[in-house]
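The primary structure of each chain is shown beneath.
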Amino acid sequence: MANRVESELTEELLPLLREERYVSIATVDHETGGTNVNAISWVFATDESHVRFSVDNRSRIVENLKKQPLVTLTVIGAGSTYAIVGEAKVLEEKIEDVPLKLALVEINVTEVRDVMFYGARITTEPKYEKTYDKEAAEKLDAQVMNAMKK
């Protein structure tokens, strides 16, 4: 996808965003007007034009999006790094059937860019592990992912 700008998720990106993965999100800070960057993992692409994510409903991300809905997700996968730009809106302030106070946010994708520097390819994608109770993590992950798919 190098040197191309797409208006929706490509066939390469769609499956990557249909599983829990390490993604960074950039928003406009509601107090300073500067950039606010966070790492998130609960993401799900409902189709080529929409990506949902869940975060704590007290998160600065939620407050930022209420004032300025522009957002950029950065995804590393399929051998490259991608910037997914769009407008976000909070669909639910608190997701039902999930024990944590999580907001459900949906991004209307307007632009997808391959932002990897010239002449390089990602050979190993970021990996992480949950540092709390494995069974509890798996149960919570399943609840959140199921809620995002509705």
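How each quantity is defined
- Residues numbered from 1 in each chain as written.
- Predicted model: local features only at pLDDT ≥ 70, side-chain atom pairs only at ≥ 80, totals over all residues.
- Heavy atoms only, no water.
- Helix = DSSP H or I, 4+ residues; strand = E, 2+ residues; numbered from the N terminus.
- Contact = heavy atoms within 4.5 Å.
- Salt bridge = Lys/Arg side-chain N within 4 Å of Asp/Glu carboxyl O.
- Buried < 20%, exposed > 50% of the residue type's maximum accessible area, 1.4 Å probe, protein only.
- Polar contact = N/O pair within 3.5 Å; in protein donor to acceptor, adjacent residues only side chain to side chain.

Draft legend 1. Quick look at the environment of Ile40. Looking at the element boundaries, Ile40 is found in strand β3 (residues 35–40). In sequence terms Ile40 and Arg121 are 81 residues apart; their C-alpha atoms lie 23 Å from each other. Beyond its immediate sequence surroundings of up to four residues, Ile40 is in contact with Arg21, Tyr22, Val23, Ile25, Phe53, Val55, Ile61 and Leu73.

Draft legend 2. Focus on the pattern of salt bridges. What the rule picks out here adds up to 12 salt bridges. Asp56 is the salt-bridge partner of Arg58, the closest N and O atoms lying 2.7 Å from each other. You can call Asp56 partly exposed: its relative accessible area is 30%. Between Glu63 and Lys66 there is a salt bridge, and its shortest N-O distance comes to 3.9 Å. Placement of the pair is Glu63 and Lys66 together in helix α2 (residues 60–67), with a separation of three residues, close to one helical turn. Residue classification places Lys66 among the partly exposed positions, given a relative accessible area of 47%. Salt bridges here are not isolated pairs; linked through shared partners, they connect Glu19, Arg21 and Glu125.

Draft legend 3. Just unusual backbone geometry, in detail. Here Ala78, not a glycine, exhibits a phi torsion of approximately 55°, which is positive. Its location among the elements puts Ala78 in the loop between β6 (70–77) and β7 (80–92). Residue classification places Ala78 among the partly exposed positions, given a relative accessible area of 26%. One non-glycine residue, Asp97, lies in positive phi territory at about 65°.

Draft legend 4. Structural view of the side chain of Asn57. You can see Asn57 is positioned in the loop between β5 (50–56) and α2. Side-chain polar atoms of Asn57 contact the backbone oxygen of Glu93, separated by 3.0 Å. Apart from residues no more than four positions distant in its own chain, Asn57 is found in contact with Val62, Glu93, Lys94, Lys101, Leu102 and Ala103.

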